[in-house]
Amino acid sequence: MVSADEGVLVYVYRGALFKIAEGVQVPKAGSLLFCRHLELRPGERVLELGTGAGLAAVVAARAGCRVVATDVVPEAVACARENAALNGAADRVEVRLGDCYEPVAGMTFDLICTNPPQMPTPPGRDRSDPVAAADNGGVDGWEILDRAIQGAPRHLAPGGRLVFTLFAFLGQKAAMAKLEAVGLAPRVIGREVQAFPRIGYERLDHIRSVDTEGVLPRTGLPRTVERFVVQGTKPR
Ligand SMILES: C[S@@+](CC[C@H](N)C(=O)[O-])C[C@H]1O[C@@H](n2cnc3c(N)ncnc32)[C@H](O)[C@@H]1O
């Protein structure tokens, strides 16, 4: 029960209203970049991994897709479910709790999309709270992304697409190679220069140590970072 003086955080996007529950990430620049580059085709089966407040899932449902949205944080699952209902999309968005592809075993989709946690996290600095789940991507930032890529061929229909966001310092070339290695044809479908994330300043030395493609300046504080939207397409 929310008492009258606790307040409710609300986010409005494309005419849809999202309540943001305690511990669930407020949509950020990366979320909007992600939503802008989702090519949504009516009738398609869409899987969103790590839905948070359910922004992309609701956008996809409103575009006529049938969506399964997952998150490993129970508060996010409840929040996304509530937001689907708030926006009249409960019949087209099914929200499931669980880790990566575990809640969709045996299912295939036309589009798998994710704006996953991908902040490189120094060894021993990971935590198990919902805020950490939204940001931390393992030591090199690739932990969840690698699993999303590895599992995609099994869960994509022929011709299906995997779409994900990527901080440039994780490596554009690495992303292309990882997609090719699992048989998905890679392509960058969106890019934007964004403010350098605040959490990144706290772990800048660590991020520099995993920036193998030399994206960040070696000295000084970066003010911006490029962010990509990457697609891997399964052959027909
Ligand atoms: C960066 S937030 C993005 C949230 C939302 N999709 C957006 O774009 O605003 C990443 C989300 O992934 C979820 N997450 C983290 N690890 C996960 C995992 N192993 N499986 C599924 N979801 C996960 C987090 O709880 C969080 O809601």
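Above this text is the structure in question.
Procedures and definitions
Residues numbered from 1 in each chain as written. Predicted model: local features only at pLDDT ≥ 70, side-chain atom pairs only at ≥ 80, totals over all residues. Helix = DSSP H or I, 4+ residues; strand = E, 2+ residues; numbered from the N terminus. Buried ≥ 20, exposed ≤ 12 C-beta atoms within 10 Å, placed from the backbone. Contact = placed C-beta atoms within 7 Å. Near = placed C-beta within 6 Å. Nonpolar A, V, L, I, M, F, W, Y, C, P; charged D, E, K, R; others polar. Arc of directions from axis to C-beta.

(A) How the structure looks around the environment of Phe 18. Within the fold, Phe 18 resides in strand S2 (residues 16-20). Using a count of 25 C-beta atoms within 10 Å as the deciding quantity, one classes Phe 18 as buried. Residues Phe 18 and Asp 110 lie 92 residues apart in sequence; the distance between their C-alpha atoms is 25 Å. Leaving out residues up to four positions away in the same chain, Phe 18 has contacts with Val 10, Tyr 11, Tyr 13, Ala 53, Gly 54, Leu 55 and Asn 83.

(B) Representation of the site of the ligand. Taken together, 23 residues form the shell around the ligand, and within it Ser 31, Gly 50, Gly 52, Val 72 and Asn 115 come nearest. Looking at the shell around the ligand, the elements that each hand over two or more residues are helix H1 (29-36), helix H2 (55-62), strand S4 (66-71) and helix H4 (130-135). A class-by-class count of the residues in the shell around the ligand yields 14 nonpolar, 7 polar and 2 charged.

(C) Summary view of the environment of Val 230. For Val 230, the position within the fold is in strand S9 (residues 224-233). We classify Val 230 as buried; it has 24 C-beta atoms within 10 Å. Residues within four places of Val 230 in sequence aside, it is in contact with Phe 164, Leu 166, Ala 175, Pro 186 and Val 188.

(D) Region of interest: H1. Along H1, the residues classified as buried are Gly 30, Phe 34 and Cys 35. Seen along its axis, H1 keeps its buried residues to an arc of 135°; they face one direction. If you follow the buried residues of H1, they end up packed against H2, strand S7 (156-167) and S9.

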